[in-house]
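What the coordinates show
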Amino acid sequence: MTLWFLLAAVVLAAAFLKGFRKWLSSMSGAVWILVALAAMSLLGVMIGQNLPPEAYTERYGDALGGIVYRVGLGDIFTSWYFLGLAAVLAVSLLACSAGRLWKLARVGGHGRLSRAGSLLLHVALVVILAGGVVTAVFGFRYPAPIYLWEGQEMVVTEGGFTVRVDAAGTEYSSEGVVSEYYSDVTVIENGEEVRSQRIEVNHPLVHNGVGLYQHEMLPSATSVREVLFGIVMVTEEGDSPVTSVAVPFHEEYTLPGTDVSLEVLEFLADFTYDIQTRTASLASLRHRNPAVKVRVSEAGEFVADRWVFADTQAHRDDSNLPCRVFLFDYLPDFDKGITRFELSRQPGTPLLFIGFAAMSLGLMLTFWTRGTRKGDPLDES
Amino acid sequence: MALFWAAFWCYLAATLGAAVYTGTRSSGVRFVVFVVTLAGFAVNTAALVARSFASGHPPVTNLFEYLSFFAWAIVLGFLFLWRRKGLELLTVFAPTVAFAMMVMASLFPSEASRQLIPALQSYWLWIHVSLAVLAEAAFAVAFVASLMCLMGDKRGHRKLPDRKLLDMVAYRSIGIGFPLFTVGALFAGAVWAQKAWGTPWSWDPKETSSLIVWLIYAIYLHVRRTRAGSIALTSGLSVLGFLMTVFTILGSRFLGGLHSYG
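Residues numbered from 1 in each chain as written. Chains lettered and ligands numbered in written order. Predicted model: local features only at pLDDT ≥ 70, side-chain atom pairs only at ≥ 80, totals over all residues.

Broken down by element type, chain A carries seven helices and 19 strands. Its C-alpha atoms give chain A a radius of gyration of 32 Å, clearly above 21 Å, the size a compact globule of 381 residues would have. Along the three orthogonal principal directions, the C-alpha set of chain A runs to about 100 × 55 × 50 Å. Contacts spanning at least 24 positions in sequence make up 60% of the contacts within chain A whose residues lie at least 6 apart. (Helix = DSSP H or I, 4+ residues; strand = E, 2+ residues; numbered from the N terminus. Rg over C-alpha atoms; globule rule 2.2 N^0.38 Å. Contact = placed C-beta atoms within 7 Å.)

This part covers the overall build of chain B. For chain B, the count of helices and strands is nine helices and zero strands. Listed N to C, the secondary structure of chain B is α-α-α-α-α-α-α-α-α in terms of helices and strands. Relative to the 2.2 N^0.38 estimate, which gives 18 Å for 262 residues, the radius of gyration of chain B is 19 Å and therefore close to what a compact globule would have. Counting over 262 residues, chain B shows a buried share of 55%. Taking the intrachain contacts of chain B between residues at least 6 apart in sequence as the baseline, contacts between residues at least 24 apart amount to 76%. (Buried ≥ 20, exposed ≤ 12 C-beta atoms within 10 Å, placed from the backbone.)

If you check the backbone angles, asparagine 50 of chain A has positive phi at about 55° while not being a glycine. Structurally, the position occupied by asparagine 50 of chain A is in the loop between α2 (27–47) and α3 (53–60).

All right, on to the packing of helix α7 (residues 349–368) of chain A against helix α7 (residues 163–197) of chain B then. In the contact formed by α7 of chain A and α7 of chain B, the axes pass within 9 Å of each other and the chain directions differ by 165°. Between α7 of chain A and α7 of chain B, the crossing angle belongs to the class labelled roughly antiparallel. Classified by chirality, the crossing of α7 of chain B by α7 of chain A is left-handed. The residues of α7 of chain B that touch α7 of chain A, namely those facing Thr349, Leu352, Phe353, Phe356, Met359, Ser360, Leu363, Met364, Phe367 and Trp368 of chain A, are Gly175, Phe178, Pro179, Thr182, Val183, Leu186, Phe187, Ala190, Val191 and Gln194 of chain B. Within the contact of α7 of chain A with α7 of chain B, the residues separate by chemical class into 15 nonpolar, five polar and no charged. (Axes fitted to C-alpha atoms, helices over the stretch in contact; angles between N-to-C directions. Parallel < 35°, antiparallel > 145°, perpendicular 65-115°, else oblique. Left-handed = near helix turned anticlockwise from the far one by under 90°. Nonpolar A, V, L, I, M, F, W, Y, C, P; charged D, E, K, R; others polar.)

What follows covers the interface of chain A and chain B. Across the boundary between the two partners, chain A contributes 46 residues, which contact 50 residues of chain B. For the side of chain A that touches chain B, the secondary structure elements donating two or more residues are α2, β5 (178–189), β8 (210–218), β19 (338–345) and α7 of chain A.

This part is about the confidence of the model for chain B. It should be kept in mind that the predicted coordinates are not to be read in detail where pLDDT is low. All names here are of chain B. On average, chain B scores 90 in pLDDT, and the residues at 70 or more come to 95%. Mean pLDDT values for the elements of chain B range from 87 in helix α4 (residues 88–91) up to 95 in helix α3 (residues 63–79). Interface confidence for the predicted complex, given as ipTM, is 0.91, next to a pTM of 0.86. (pLDDT = per-residue confidence, 0-100.)

We now examine the domain arrangement of chain A. Often, the extent of an interface is quoted as the loss of accessible area upon association of its parts. What the domain assignment reports for chain A is domain 1 (8–141 + 352–368), domain 2 (146–219 + 336–345) and domain 3 (224–332). Using C-alpha coordinates to define each centre, domain 1 of chain A is positioned 60 Å away from domain 3 of chain A. (Domains from an automatic or database assignment.)

Turning our attention to the domain arrangement of chain B. All names here are of chain B. Examined at the domain level, chain B breaks down into domain 1 (1–112) and domain 2 (117–262). For domain 1 versus domain 2, the separation of C-alpha centres amounts to 20 Å. Each partner contributes residues to the interface: domain 1 has 21 residues there, and domain 2 has 25 residues. Broken down by secondary-structure element, the contributors of at least two residues to the side of domain 1 that touches domain 2 are α3 and α4. Per-element tally for the side of domain 1 that touches domain 2: the top contributor is α3, with nine residues. Considered class by class, the residues forming the side of domain 1 that touches domain 2 number 17 nonpolar, four polar and no charged.

Take the sheet that holds strand β6 (residues 192–200) of chain A next. All names here are of chain A. The strand order β3-β4-β5-β6 describes an open sheet built from four strands, whose pairing is antiparallel. Looking at the sheet topology across the chains shown, the edges are occupied by β3 (153–156) and β6. Taking the axes of each pair of neighbouring strands and ignoring which way they run, one obtains an average angle of 25° across the sheet. As defined by bridge partners, strand β4 (residues 161–172) adjoins β5 across 10 bridges and the pair is classed as antiparallel. Its bridge partner lying in β5, valine 165 is registered against valine 185. (Pairing = 2+ DSSP bridges.)

Our focus in this paragraph is the nonpolar core. All names here are of chain B. One finds Phe70, Ile74, Ala98, Ala145, Leu215 and Ile216 to be the most contacted residues of the largest nonpolar core, which totals 153 residues. Here this core gets 19 residues from one element, more than from any other, and that element is α7. Ignoring sequence-local partners within four residues, the contact set of alanine 98 consists of Tyr11, Ala71, Ile74 and Val75. (Core = buried A, V, L, I, M, F, W, Y, C linked by C-beta atoms within 7 Å.)

Residue and element names in this part refer to chain A. Of note, aspartate 75 is situated in the loop between α4 (62–70) and α5 (80–106). The exposure class of aspartate 75 is partly exposed, given the 15 C-beta atoms found within 10 Å. Those residues in contact with aspartate 75 that lie beyond four places of it in its chain are Gln49 and Asn50.

Take the sheet that holds strand β16 (residues 291–298) of chain A next. Residues and elements named next belong to chain A. Read from one edge to the other, the open sheet built from four strands follows the order β12-β13-β16-β17, with strand pairing classed as antiparallel. Edge positions in the open sheet fall to β12 (252–254) and β17 (301–309), since each of these has one partner strand only. Recorded for the sheet is a direction-independent mean angle of 25° between the axes of neighbouring strands. Across eight bridges, strand β13 (residues 260–268) lies against β16 in antiparallel orientation. Bridge pairing in β16 places glutamate 266 opposite lysine 293.

Attention now goes to the confidence of the model for chain A. Of all residues in chain A, 94% attain a pLDDT of 70 or more, and the chain-wide mean is 87. Within the model, pLDDT remains below 50 along residues 377–381 of chain A, and this stretch shows 12 contacts once partners closer than five positions in the same chain are excluded.

Right, let's get into α2 of chain A. An α-helical segment advances 3.6 residues per turn. Residues three or four places apart therefore align on the same side. Along its 21 residues, α2 of chain A runs 30 Å from first to last C-alpha, staying within 8% of the 30 Å computed at 1.5 Å per residue. Buried within α2 of chain A are the following residues: Gly29, Ala30, Val31, Ile33, Leu34, Leu37, Ala38, Ser41, Gly44 and Val45 of chain A. Structurally, α2 of chain A contributes buried residues whose contacts are with α1 (2–24) and α5 of chain A together with α8 (205–226) and α9 (231–255) of chain B. In the segment just after α2 of chain A, glycine 48 of chain A is the residue with positive phi, at about 90°. (Expected span 1.5 Å × (residues − 1).)

With that settled, the discussion passes to the pairing of β6 of chain A. Within a regular strand, the side chains alternate between the two sheet faces. Residue and element names in this part refer to chain A. Here eight bridges tie β5 to β6, and the two strands are oriented antiparallel to one another. Within β6, the residue paired with glutamate 189 across the bridge is glutamate 192. Counted between consecutive antiparallel strands, the loop separating β5 from β6 contains two residues, among which asparagine 190 sits at a positive phi close to 50°.

Given a rise of 1.5 Å per residue, 28 residues ought to cover 40 Å, and the 40 Å separating the end C-alpha atoms of helix α6 (residues 124–151) of chain B matches this to within 8%. Summarising burial for α6 of chain B: 20 of the 28 residues are buried, a large majority.

All names here are of chain A. Between α3 and α4, whose axes approach to 7 Å, the crossing angle comes to 140°. One element, α3, and the other, α4, form an angle in the oblique class. Handedness of the α3/α4 crossing: right-handed. Taking contact as the criterion, the partners of Pro53, Tyr56, Thr57, Arg59 and Tyr60 in α3 are, on α4, Asp62, Leu64, Gly65, Gly66, Val68 and Tyr69. Looking at the contact of α3 with α4 residue by residue, the classes come out as six nonpolar, three polar and two charged.

If you want it as structure tokens, here you go:
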């Protein structure tokens, strides 16, 4: 009984596979695969990719947002069903190409070039997909951008070298617009400096197959060029109106008409405070919660050091101070910028470009040569 | 900007002329539409050239410039068909599509900076974007032809051009646009992305939308080859392809991603 059951299952599976193989190599099979790929891609664009789970629940509600995240629609292009469909496409292309090759060999004469072009573009698509597989298996890309500043080193394990940032900065045009971000780096291999290069946007450093790509430049997270304060003088007659003053970083500035001076001692782009160690530090390199430490002196005598935050008064209850200080704004320091790199190795890229070049040539032969594609009008039926 | 607005008003006037032609079918009106469209095209050309000289880079660095260039390329595409017999009504709508693009362009900031942002400082900008614009202009021609196909009934609407002819125009236009789009938008884009971002493909919204455009036209070509699809189906796909093209152009504005330059 079991034997009969197994035999029936094998026959059914064989019939299904035969039908599936026929479908895969058919034009309608190709159309449905392309439709499914387009639909999934559209879903990927509309839903938004690689967002945190909260973003999906916020956007689509708890139930639907949870489903979107759990079934992988938030990372659809690496999901098993998308990759599976791409694999089915590759098989379909190979089956289709085999048929085309057979036809090309058998049918000669008119339209040969166009047919050859069509075959080339189908094979090229498989090469492109193969390029993607090679990169996925043998390549890597750092999931998060890398932030480094002058003097810092980073070990690139995948390339077997260390990279040191000698200088990082921003160049400006005569109009004062950013014209270039640059990082002067040195590559160190086995303790020896092997090469130095300036990395700019569109001009990466590629060493041992690993590429270091310049992205944006963040302003320094620990220094500023100038701070704009709002000042209210506290006198016995009452508070003065608010005046604004620009104080350069690390320079003592005397408030006009007074003997009170301010000096910006520290800057933290994203201030955080450790209660246990009683120390202020950076929560991140982004300018999310900027704060400056300002020293207030009067008649040359030290009065106090205070942290001042954007939109909040530094020392609300500090009646000892001769003035109230508000942080209005500041000029970011790009000269001591934090350079942002992307790091990747994409070994499938040459294959991908060969595929693209072949596909482009194939398309031109198919559509731009005299051949079988006469563009006959369709039947009305 | 004066030249842009001059082209804008020319295309608007020609669009109104096209409406009059649709009702009257007067060859005199069509000639006037042709002259005004040509004037608009000349001024549009001058606007793009002047902007290129003023800014020192090709006029493809923001949506205002892109859409102005797109309008220019669409008119160029239609001008090739202007003398083709049986397509009088199709070609007369060239300025209408161009005008729609100029209206969209006028909604975006038009400031030209001599200094390109670092990411756009590459010769690939010119190759990638200009080929994509030319391809999309070919898709626009196919779009109008396919739309007319859909508007006519099966027996052929008396007032519309012959459906088979329109279908042929759509097919030929896609046959020009599809390879150009593959080379310009996808291939050149991938080469540039590898140099700039360290990966030829990032599944960025604009990249993915371009892939969808490519897939829709690939479906169109396969469906048309099988002959199983009717003209209505292929025309529908051609219209869908162009709508997706417009979404791709404007999408980065609200979807964000690596291509959101302005």
